[in-house]
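Chain by chain, the residues run as shown.
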Amino acid sequence: MKRISVKTSQPYEVLIERGGLAKSGGYIAEVTRSRRAAVITDDIVEKLHLKTVKDSLEAAGFECSVFVFSNGEQSKCLDNLGRIYDFLCESNITRSDIIIALGGGVVGDITGFAAASYLRGVDFVQIPTTLLAQVDSSVGGKTAIDISGGKNLVGAFKQPALVICDSDALKTLPHKILAEGMGECIKYGMIRDEKLFELMESHCLENVDEIMDEMVYSCIDIKRQVVENDEFDRGERMLLNFGHTLGHAIEGWHSYKDIAHGEGVAAGMCMITDRLAPQLSERLKKCVKAYKLPTGSDIPMSELLPFCSKDKKNEANDINYIICREVGKGEIVKVPFSEFCRLMEG
Ligand code: GLY
């Protein structure tokens, strides 16, 4: 097993271990004195992994209550949040008990937000079961729900008490879901670590399992460094948004349907690199294609730019965008939004 200690306002560990789900109860028992756990998951993960985790929790002495909702982004909403609060209340969860998010990014984000807000804060554990959730959303304490005005617009920073990543859980993922996690992994290589990028560019979607443990470890460790330096997203953490300005715009243009987040990120990274660092474009696109991700979009830039104006990284009339002029070296660049439009349309 590998451990990464994240030294944020609430320090915690990320455990990376094949077969970790079956041992999760014992690990969780080490971070809480309570033996009452509320497990929140979705109906796909329920069938794949709930029994393993619940059996392990019960063997470690936990009394478990379980809440299952429908898989998909549409569940990351206020109505579902309300149902989760009711479930926590009916399960008599107190501030000293533990909430467990078992699933992908949607489960982690909404469960984390419920844990941040219910009783003004209950400890929670992330057990991410998708690649994207393991390398990105489960670590760093961003929790959120979507509202009609946009994705992730209501949320809180709430660090988990523990994260348990089991790469065996990724074996059941459809290729499309695995590929979208690769969008974020490629991002980490581009912004911070050329060796990690080389590891990924020498493999492809079909044989990525060979490098999974090393890749997941490296990605989480980069996230750890960035989050420790800027837990509340005022500076360096914006680097993690490489590819996200145009990626979110593409997702928004599609009304967040028919395109996965990691696909938007992959296309966004390639599009900004095409325009602002063309010397890297072919290398990046080759790697992106090896993981069956899009290298661009047919949507006219003039239709994407209005979505970029709503980016959460914007300040007054300025936009912060991320560019890598060399592999492994991300930079945050702040320009007036009008200048960003000129660069992207040029
Ligand atoms: N997913 C980007 C961040 O955690 O900052």
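(A) Broad picture of the packing of helix α10 (residues 261-276) against helix α13 (residues 337-345). Two numbers describe how α10 lies on α13: the axes approach to 9 Å, and their chain directions differ by 85°. Taken together, the axes of α10 and α13 are roughly perpendicular relative to one another. Together, Ile 272, Arg 275 and Leu 276 of α10 and Phe 340, Leu 343 and Met 344 of α13 make up the contact between the two elements. Split into classes, the residues belonging to the contact of α10 with α13 amount to 5 nonpolar, no polar and 1 charged.

(B) Highlighting the sheet that holds strand β3 (residues 36-42). Reading across the sheet, the 7 strands line up as β1-β2-β9-β6-β5-β3-β4 and stay open at both edges, with mixed pairing between neighbours. The open sheet has two free edges, formed respectively by β1 (2-6) and β4 (63-69), since each of these has just one partner strand. When the angles between neighbouring strand axes are averaged without regard to direction, this sheet yields 15°. Where β3 and β4 come together, 7 bridges link them in parallel fashion. Pairing of Thr 41 across the sheet is with Val 68, part of β4. Across the sheet, helix α3 (residues 78-90) lies against β3, β4 and β5 (98-103), angled at about 165° from β4, the strand it touches most.

(C) Structural context of the site of the ligand. Every residue lining the ligand is accounted for by Asp 136, Lys 142, Lys 223, Arg 237 and Leu 240. In the environment of the ligand, a nitrogen atom lies 3.0 Å from a nitrogen or oxygen atom belonging to the side chain of Asp 136. Protein burial of the ligand: of its 200 Å² of free accessible surface, 88% is covered by the chains. Class assignment of the residues belonging to the shell around the ligand gives a composition of 1 nonpolar, no polar and 4 charged.

The rules behind each value
- Residues numbered from 1 in each chain as written.
- Predicted model: local features only at pLDDT ≥ 70, side-chain atom pairs only at ≥ 80, totals over all residues.
- Heavy atoms only, no water.
- Axes fitted to C-alpha atoms, helices over the stretch in contact; angles between N-to-C directions.
- Helix = DSSP H or I, 4+ residues; strand = E, 2+ residues; numbered from the N terminus.
- Parallel < 35°, antiparallel > 145°, perpendicular 65-115°, else oblique.
- Contact = heavy atoms within 4.5 Å.
- Nonpolar A, V, L, I, M, F, W, Y, C, P; charged D, E, K, R; others polar.
- Pairing = 2+ DSSP bridges.
- Near = heavy atom within 4 Å.
- Polar contact = N/O pair within 3.5 Å; in protein donor to acceptor, adjacent residues only side chain to side chain.
- Areas by Shrake-Rupley, 256 points an atom, 1.4 Å probe, with all protein chains shown as cover.

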